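# Chain and residue survey
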Amino acid sequence: MRHLNDKSDEQLVALYVDGMNGAFDELIERHKDRVYTYIYHSIKDNDQANDIFQETFVKVIMTIKQGRYVENGHFLAWVLRIAHNLIIDFFRRTRNENLQSTDVPEVNVLNRKELSEDTVEDALVTSQIHKDVRRLIMALPEPQRQVLLMRYYRNMSFKEIADTTKVSINTALGRMRYALMNMRRMADEHHIALSV
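In this report, the structure presented in the accompanying data block is examined. Since the structure is predicted, the reported quantities are computational estimates derived from the model, not experimental observations. (Residues numbered from 1 in each chain as written. Predicted model: local features only at pLDDT ≥ 70, side-chain atom pairs only at ≥ 80, totals over all residues. Heavy atoms only, no water.)

There is a patch of nonpolar side chains on the surface, built from Leu149, Tyr152 and Tyr153 and spanning about 340 Å² of accessible area. Within the secondary structure, Tyr152 sits in helix α6 (residues 142-153). For Tyr152, a relative accessible area of 52% translates into the label exposed. (Patch = residues over 30% accessible without salt bridge, like charges linked within 9 Å, V, L, I, M, F, W, Y side chains within 5 Å. Areas by Shrake-Rupley, 256 points an atom, 1.4 Å probe, with all protein chains shown as cover. Salt bridge = Lys/Arg side-chain N within 4 Å of Asp/Glu carboxyl O. Helix = DSSP H or I, 4+ residues; strand = E, 2+ residues; numbered from the N terminus. Buried < 20%, exposed > 50% of the residue type's maximum accessible area, 1.4 Å probe, protein only.)

Here it is in structure tokens:
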């Protein structure tokens, strides 16, 4: 893919839209350091930065594939804006998880489910959810199952997954996206609840 080095970002996006996955790999290779550094300097946590980095490029792929990317000559700025929004979402989630008012008399900050031991019913429900998730995973097509297991059970990055499975990062991201969509669809079709 050496001939892609001299293409502009916009040309690479157009090639990717036309079906050349290698063009997107070139975009990631070209901008990964800037995007990751931007995220890391905001988050200061390697694991969270990696997650947001990968989520950023999943959103980039989805937006381009859905035809919602508007070409304005500033591809990197657009990607950094997506990353910035995901960073804000991360901090909002973190703040909301950590905030609990002690001024409200009916709220006892120590009387929370996560601080108590599981009941027998909780253990049974959790066990059933785990069984249902395993069944859904086993029903996935092999390439999707493989990526999902590597990401969630072996904690591999999408770069490691791509290298191991000998596909592009774009393909690995796409397989993960389809795996999650298929699991949600199957869960809905079979009325399977995946949370307590």
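What follows covers the pattern of salt bridges. When the charged atoms of two side chains lie near each other, side chains of opposite charge can form a pair. In this structure the tally under the stated criterion is nine salt bridges. The shortest N-O distance in the salt bridge between Glu29 and Lys32 comes to 3.0 Å. Of this pair, Glu29 and Lys32 both sit in helix α2 (residues 21-43), three residues apart, roughly one helical turn. Accessibility expressed as a relative area gives 45% for Glu29, which makes it partly exposed. Notably, a salt bridge pairs Asp132 with Arg135, separated by 3.4 Å at the nearest N-O pair. Here Asp132 pairs with Arg135, and both are found in helix α5 (residues 120-138), just three residues apart, close to one helical turn. With a relative accessible area of 9%, Asp132 lands in the buried category.

Locating Asp47 in the fold gives a position in helix α3 (residues 46-65). When the C-alpha positions of Asp47 and Ser157 are compared, they lie 9.8 Å apart, and in sequence the two are 110 residues distant.

Okay, the side chain of Thr165 next. Following the sequence through the fold, Thr165 ends up in helix α7 (residues 158-165). Residue classification places Thr165 among the buried positions, given a relative accessible area of 15%. A polar atom in the side chain of Thr165 sits 2.7 Å from the backbone oxygen of Ile161. With sequence-adjacent residues up to four places away left out, Thr165 is seen in contact with Gln146 and Met150. (Polar contact = N/O pair within 3.5 Å; in protein donor to acceptor, adjacent residues only side chain to side chain. Contact = heavy atoms within 4.5 Å.)

Attention now moves to helix α1 (residues 9-17). Considered for burial, the residues of α1 that qualify are Asp9, Glu10, Leu12, Val13 and Tyr16. Viewed end-on, α1 has its buried residues packed into an arc of 160°, placing them on one side of the element. Positive phi shows up at Gly19, right after α1, with a value of about 105°. (Arc of directions from axis to C-beta.)

With that settled, consider the nonpolar core. One finds Phe24, Ile39, Phe57, Val60, Ile64 and Phe75 to be the most contacted residues of the largest nonpolar core, which totals 48 residues. No other element matches helix α4 (residues 75-98), which puts ten residues into this core. Not counting the four nearest positions on each side in its chain, Phe57 is found in contact with Phe24, Ile28, Val35, Val79 and Leu173. (Core = buried A, V, L, I, M, F, W, Y, C linked by side-chain atoms within 4.5 Å.)

Summed over the entire model, instances satisfying the criterion amount to nine aromatic pairs. Relative to Phe24, the ring of Tyr16 has its centre 4.9 Å away and its plane inclined at 40°; by these criteria the two rings are tilted. The exposure class of Tyr16 is buried, given its relative accessible area of 1%. Feature note: the residues Tyr16, Phe24, Tyr36, Tyr40, Phe53 and Phe57 constitute an aromatic cluster, connected by ring pairs. Of note, Arg177 hangs over the ring of Tyr178, and the distance from its end group to the ring centre comes to 5.3 Å. (Phe/Tyr/Trp six-rings, centres within 6.5 Å; stacked < 30°, edge-to-face > 60°. Lys NZ or Arg CZ within 6 Å of the ring centre and 35° of its normal.)

With that settled, consider the environment of Thr171. Note on placement: Thr171 falls in helix α8 (residues 169-189). Judged by its relative accessible area of 22%, Thr171 falls in the partly exposed class.

By the element assignment, Asn170 lies in helix α8. Note on Asn170: relative accessible area 5%, which makes it buried. If we ignore the near neighbours within four places in the chain, the residues touching Asn170 are Tyr16, Asn21, Phe24, Asp25 and Ile61.

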